[in-house]
Amino acid sequence: MGDHVKRPENAAISALRWEEPPDGPMLVVLDQTRLPLEEVELVCTDVQALVAAIGSLAVRGAPLLGLAGAYGVALAAARGYDVEEAAELLARARPTAVNLAYGVQRALTAYRRAEPEEAALAALAEARTLHAQDASASEAMAAHGVRLLSELVPGGGYRVLTHCNTGALVSGGQGTAFGVVSSLHRAGELRRLWVDETRPLLQGSRLTAYEAARAGMPYTLLADNAAGSLFTAGEVDAVLVGADRIAADGATANKVGTYPLAVVARYHHVPFIVVAPTTTVDLATPDGASIEVEQRASSEVTDLAPSPLGTQAYNPAFDVTPPELITAIVTENGVVSPVTAQALAAVCR
Ligand SMILES: CSC[C@H]1O[C@H](OP(=O)(O)O)[C@H](O)[C@@H]1O
């Protein structure tokens, strides 16, 4: 794992940045496992440190994993490591978010196509291009998402429920679903943000609440199993979530606990909206059953609350929501609704 350094006070959220000090290039990432109590950065000067950071979720969130993959290839090239081997290690670091392998492939292709003496610079340039594209996609998704909500739920003053963390911490810009929430807030249209704590790694209570507090949003944290009662009380106007991989038929893998939200939202006729860039759509994966769902260590669950010694826990990092439960998928290229394979393929062109 890399070295930790204290982050400057009140710095804008920069989940990841490339630096080139005299002693060589490095990837500096905000260690998300330490938030919200500590804002410390992790300095990665080799691919093993970056792979470890991805595995521990110090670096996390589908779009950011794509950037980490691309910059990881650039780091290997710039430091003279075996780039092909580095690309393989990075692409395998986590299986579900398609963005990781996509980002690796973008930088690796640029590296392979360049003249040897230009290859490292080509990989870095491609990583930077992907970074800028993600920031731009984030803005476009926010605009599409705000417009969609005004069509689905007339009247404004939205009460939005979200799950996991989908803000600037997972993006080159302001995020995916949380980017829509941020735009609503700036427009004075966010009446309440309901934040699922998102067990077992608590991305909601640790990260989304951190981003919402920094933005001055009206947010309320809740235990995941309290979400159903909010729907019963009529307190949710829309559910906004991110995605880690969207299959060709629109089935969507996202943080575990998303699928039950989609079922409850459908039962209560509440719009269930996925917000994701087209880099998260994987047309090569035909359906939800074909998506590999990462299984994580039992200890992430048993460490959270006392249980008898030796207790084993079922700990899938994601679940899959079928397209028929998704009201709309918001991408940077527009909104897919109803969710069909044809409409999804069209928005990715
Ligand atoms: C919009 S990407 C954020 C996405 O990634 C999270 O997973 P993890 O925290 O394990 O990287 C979660 O599925 C979010 O929706």
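Cut-offs applied
Residues numbered from 1 in each chain as written. Predicted model: local features only at pLDDT ≥ 70, side-chain atom pairs only at ≥ 80, totals over all residues. Heavy atoms only, no water. Helix = DSSP H or I, 4+ residues; strand = E, 2+ residues; numbered from the N terminus. Rg over C-alpha atoms; globule rule 2.2 N^0.38 Å. Buried < 20%, exposed > 50% of the residue type's maximum accessible area, 1.4 Å probe, protein only. Contact = heavy atoms within 4.5 Å. Areas by Shrake-Rupley, 256 points an atom, 1.4 Å probe, with all protein chains shown as cover. Lys, Arg positive; Asp, Glu negative; His and termini not counted. Charge placed at Lys NZ, Arg CZ, Asp CG, Glu CD. Phe/Tyr/Trp six-rings, centres within 6.5 Å; stacked < 30°, edge-to-face > 60°. Lys NZ or Arg CZ within 6 Å of the ring centre and 35° of its normal. Polar contact = N/O pair within 3.5 Å; in protein donor to acceptor, adjacent residues only side chain to side chain. UniProt positions renumbered as here; feature names shortened; annotations may be inferred. 1 Å grid on protein atoms, 1.4 Å probe; cavity = no way out; pocket = protein on both sides within 12 Å on 5 of 7 lines; lining within 4 Å. Points joined across faces, edges and corners; volume = space filled by probe spheres on them. Domains from an automatic or database assignment. Buried area = accessible area lost by both parts, 1.4 Å probe. Salt bridge = Lys/Arg side-chain N within 4 Å of Asp/Glu carboxyl O. Nonpolar A, V, L, I, M, F, W, Y, C, P; charged D, E, K, R; others polar.

1. Quick word on the overall build of the protein
And then number 1: A tally of helices and strands in the protein yields 11 helices and 15 strands.
And then number 2: Relative to its length of 349 residues, the protein is compact, with a C-alpha radius of gyration of 19 Å against a globular reference of 20 Å.
And then number 3: Across the 349 residues of the protein, 55% fall into the buried class.
And then number 4: Pairs at least 24 residues apart make up 74% of the contacts formed inside the protein by residues separated by at least 6 positions.
And then number 5: When the accessible surface of the protein is totalled, it reaches about 14,000 Å², and 54% of it is carbon and sulfur.
And then number 6: Distance between charge centroids for the protein: 4 Å, based on 25 positive and 39 negative side chains.

2. Thoughts on the environment of proline 286
And then number 1: With respect to the element layout, proline 286 can be found in the loop between strand S12 (281-282) and helix H10 (299-302).
And then number 2: The partly exposed category is assigned to proline 286, whose relative accessible area is 47%.
And then number 3: Taking the C-alpha atoms as reference, proline 286 lies 28 Å from threonine 198; in sequence the two are 88 residues apart.

3. Here we look at the packing of aromatic side chains
And then number 1: Going through the model one piece at a time under the given rule, you end up with one aromatic pair.
And then number 2: Pairing tryptophan 18 with tyrosine 71 gives two aromatic rings, centres 6.1 Å apart and planes at 25°, and the pair type is stacked. Taken as a pair, tryptophan 18 in strand S2 (residues 16-19) and tyrosine 71 in helix H2 (residues 62-78) lie far apart in primary sequence, 53 residues in all.
And then number 3: Taking the relative accessible area as the measure of exposure, tyrosine 71 reaches 4% and is therefore buried.
And then number 4: Over the ring of phenylalanine 318 we find lysine 255; its NZ or CZ atom is 4.3 Å from the centre of that ring.

4. With respect to the side chain of threonine 166
And then number 1: By the element assignment, threonine 166 lies in the loop between strand S5 (158-162) and helix H6 (177-186).
And then number 2: At a separation of 2.8 Å, a polar atom in the side chain of threonine 166 contacts the main-chain amide nitrogen of phenylalanine 178.

5. Considering the UniProt feature "binding site: substrate" (unreviewed entry) in the protein
And then number 1: Mapped onto the present numbering, the UniProt feature "binding site: substrate" (unreviewed entry) falls at Arg60, Gly61, Ala62, Arg94, Gln203, Asn254 and Lys255. From the list above, the largest cavity is lined by Arg60, Gly61, Ala62, Arg94, Gln203, Asn254 and Lys255.
And then number 2: Topologically, arginine 60 is positioned in the loop between helix H1 (47-55) and H2.
And then number 3: Contacts of arginine 60, omitting those with residues within four sequence positions, involve Gln32, Leu65, Arg94, Cys164, Asn165, Leu169, Val170, Gln203 and Leu207.
And then number 4: Side chain to side chain, arginine 60 and glutamine 32 meet in a polar contact 2.8 Å long.

6. Some details on empty space enclosed by the protein
And then number 1: Inspection of the entire model under this criterion finds two cavities of 30 Å³ or more.
And then number 2: Estimates place the volume of the largest cavity at around 180 Å³.
And then number 3: Considering the residues around the largest cavity, the lining is formed by 22 residues, among which Arg60, Gly61, Ala62, Asn165 and Asp244 are closest to the centre.
And then number 4: Put simply, the parts of the chain that give the lining of the largest cavity at least two residues each are H2 and strand S10 (252-255).

7. What to know about the domain arrangement of the protein
Quite often, the size of an interface is put as the accessible area lost when its parts meet.
And then number 1: In terms of domain boundaries, the protein breaks down into domain 1 (3-132) and domain 2 (139-347).
And then number 2: Each of domain 1 and domain 2 has a C-alpha centre, and these two points are 25 Å apart.
And then number 3: Between domain 1 and domain 2, the residue contacts involve 27 residues of the former and 31 residues of the latter.
And then number 4: The largest per-residue losses of area from domain 1 upon contact with domain 2 belong to Ile13, Arg60 and Thr96, which jointly make up 27% of the total buried on that side.
And then number 5: Where domain 1 meets domain 2, there are two salt bridges.
And then number 6: Notably, a salt bridge pairs glutamate 39 with arginine 214, separated by 3.4 Å at the nearest N-O pair.
And then number 7: Between domain 1 and domain 2 we count 16 residue pairs in polar contact (both at pLDDT 80 or more) in total.
And then number 8: Mapped onto the side of domain 1 that touches domain 2, the elements with two or more residues apiece are H2 and helix H4 (98-113).
And then number 9: The greatest single-element share of the side of domain 1 that touches domain 2, amounting to four residues, is contributed by H2.
And then number 10: A breakdown of the residues in the side of domain 1 that touches domain 2 according to their chemical character gives 16 nonpolar, eight polar and three charged.

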